[in-house]
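# Fold and geometry: a report
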Amino acid sequence: MEDDFQALTVDQYAREAARTDQRKGSGTVGFTMLGLFGETGSLLAEAKKKQRDAASYLGYAEAVAEEIGDVLWYLAAIAQRHRLALSDIAAAALKADGSYAEGTNEALSLHALQPAHMPLAKAPMPEFEHSLLALASEVGLLAREIEGGNSTRHCEDVAERLVAITRCLIRASTDSGITIEAAAIKNLQKIFDRWPRERIYPPAFDADKDAEEQLPRSIQIDIYERKVRGQDYVFQRSRGVYVGDRLTDNAIEPDDYRFHDVFHYAYVAVLGWSPVIRALLRLKRKSDPKLDEAEDGARAILIEEGVTSWLFGQAQQLNFFEDVKRGGLPLDMLKHVRQFVAGYEADRCPLWLWEEAILQGYAAFRFLQKNRRARITIDFARRRLRIKELPQ
């Protein structure tokens with residue numbers, strides 16, 4: 001993806017960022033201002049955490065690059081709402097007098113905003129701290145300007161404040177050893193990973209394997225609840241054959257987790273991934289010992305169960321995602337899922353695809369909660385987990 005953004009201009013970045021703006025219009029200036037405040041605070045927090053936990057805090061440079069990209073995104077969003085070109089703001093930030101001129105800077109690249117050679121900083125230096133505090137101060141001044149800006153010069157005043165913020169951001173990036181261009185590319189990769197231009201489904205991980213080592217592309221499974229000696233159990237059957245063991249909630253307080261295999265089936269239907277279902281249906285990739293051990297083995301199964309259990313805890317607090325539409329799951333939640341599966345093939349699944357799997361799985365779970373029995377169908381060709389009533 002980096003090749004797509006060689007010599008990325010400021011305006012090109014702003015246009016691409018605008019495509020992922022979920023709340024557009026002049027009435028959302030307050031929202032973007034909250035975002036700019038929040039991301040600036042996160043940037044300061046990264047420097048603080050690295051100072052506090054110098055030896056144990058991993059990923060400092062990567063985190064700083066991500067936060068700089070997020071600050072840049074909100075700068076672009078605020079500029080767009082005030083009909084200001086981000087390239088004009090950036091060009092003014094490079095001038096000693098900060099003078100702002102419209103429409104003359106379309107070719108300005110992000111690379112041109114900083115020195116050609118910058119030292120790599122592995123920890124926050126005093127210069128970085130000073131530039132971060134200056135950035136925070138300028139963001140505060142912009143908030144005051146936007147909150148009280150009713151004069152005819154309001155847009156000019158906002159432009160002046162944005163120029164000052166951009167100058168501080170450039171200085172902070174340079175002091176941290178991070179190029180704004182790299183931060184911008186990383187930011188676009190992240191936001192299109194979450195809100196893609198086009199939803200193109202990746203091929204199955206086991207597409208090159210024989211049928212006996214492939215997860216099912218199409219299969220029906222009946223899931224139903226039944227009492228055995230006064231205890232509620234969930235049973236599963238496919239083509240008249242029982243699948244797996246009968247399940248309980250394994251919890252002191254009943255929470256219907258006994259239906260949780262439906263989440264694994266959703267991973268199969270949407271992601272084309274599930275070490276749990278591979279083991280359950282005896283579809284491990286034995287022909288490739290490395291895959292069999294690393295991707296289909298006990299550790300991978302534990303990872304999947306861990307993801308599923310963690311998501312369940314989050315979902316319980318959000319009505320099992322009943323009111324969440326596509327694009328509505330928190331980005332941080334999806335990033336945590338990606339961290340869970342880091343190092344396994346599932347970490348190649350884009351965040352938007354994970355969201356589809358999660359939402360489809362929980363739609364099926366809510367159906368089972370209500371009806372206590374259902375017939376699910378894995379339809380990998382359409383990346384769908386279908387569910388309907390199961391005849392008595």
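Residues numbered from 1 in each chain as written. Predicted model: local features only at pLDDT ≥ 70, side-chain atom pairs only at ≥ 80, totals over all residues. Heavy atoms only, no water.

## With respect to the domain arrangement of the chain
- Each domain of the chain was delimited in the assignment, giving domain 1 (10-194) and domain 2 (211-389).
- Distance between the C-alpha centres of domain 1 and domain 2: 40 Å.
- Overall, the association of domain 1 and domain 2 removes approximately 600 Å² of surface from exposure, summing both partners, and the carbon and sulfur fraction of that is 42%.
- When the buried surface of domain 1 facing domain 2 is broken down by residue, Lys 190, Asp 193 and Arg 194 rank first, second and third, together holding 86% of it.
- Applying the counting criterion to the domain 1 and domain 2 interface returns three salt bridges.
- Note that Arg 338 is salt-bridged to Asp 193, the shortest N-O span being 3.0 Å.
- Where domain 1 touches domain 2, the interface holds seven residue pairs in polar contact (both at pLDDT 80 or more).
- Considering each element in turn, the side of domain 1 that touches domain 2 owes the most residues, four residues, to helix α7 (residues 180-194).
- Of the residues contributing to the side of domain 1 that touches domain 2, the split by class is one nonpolar, no polar and four charged. (Domains from an automatic or database assignment. Buried area = accessible area lost by both parts, 1.4 Å probe. Salt bridge = Lys/Arg side-chain N within 4 Å of Asp/Glu carboxyl O. Polar contact = N/O pair within 3.5 Å; in protein donor to acceptor, adjacent residues only side chain to side chain. Helix = DSSP H or I, 4+ residues; strand = E, 2+ residues; numbered from the N terminus. Nonpolar A, V, L, I, M, F, W, Y, C, P; charged D, E, K, R; others polar.)

## Things to note about the pattern of salt bridges
- Tallied over the full model, the rule gives 29 salt bridges.
- Across the pair Glu 225 and Arg 372 runs a salt bridge, and its minimum N-O distance is 2.9 Å. Pair noted here: Glu 225 is in strand β1 (residues 218-228) and Arg 372 is in the loop between α13 (351-371) and β4 (373-379), with a separation of 147 residues, a long-range link.
- Arg 372 sits in the partly exposed class, given a relative accessible area of 24%.
- Residues joined in a network through salt bridges with shared partners are Asp 206, Arg 217, Arg 278, Arg 285, Asp 296 and Glu 345. (Buried < 20%, exposed > 50% of the residue type's maximum accessible area, 1.4 Å probe, protein only.)

## A word on the packing of helix α3 (residues 60-81) against helix α6 (residues 154-176)
- Contact pair α3 / α6: the axes reach a minimum separation of 11 Å and the direction vectors enclose 165 degrees. Taken together, the axes of α3 and α6 lie roughly antiparallel to each other. In this structure, the crossing between α3 and α6 has a hand that is left-handed. Within the contact between the two elements, α3 uses Val 64, Ile 68, Val 71, Leu 72, Leu 75, Ile 78 and Ala 79 and α6 uses Leu 162, Ile 165, Thr 166, Leu 169, Ser 173 and Ser 176.
- When the residues that make up the contact of α3 with α6 are grouped by side-chain class, the tally is ten nonpolar, three polar and no charged. (Axes fitted to C-alpha atoms, helices over the stretch in contact; angles between N-to-C directions. Parallel < 35°, antiparallel > 145°, perpendicular 65-115°, else oblique. Left-handed = near helix turned anticlockwise from the far one by under 90°. Contact = heavy atoms within 4.5 Å.)

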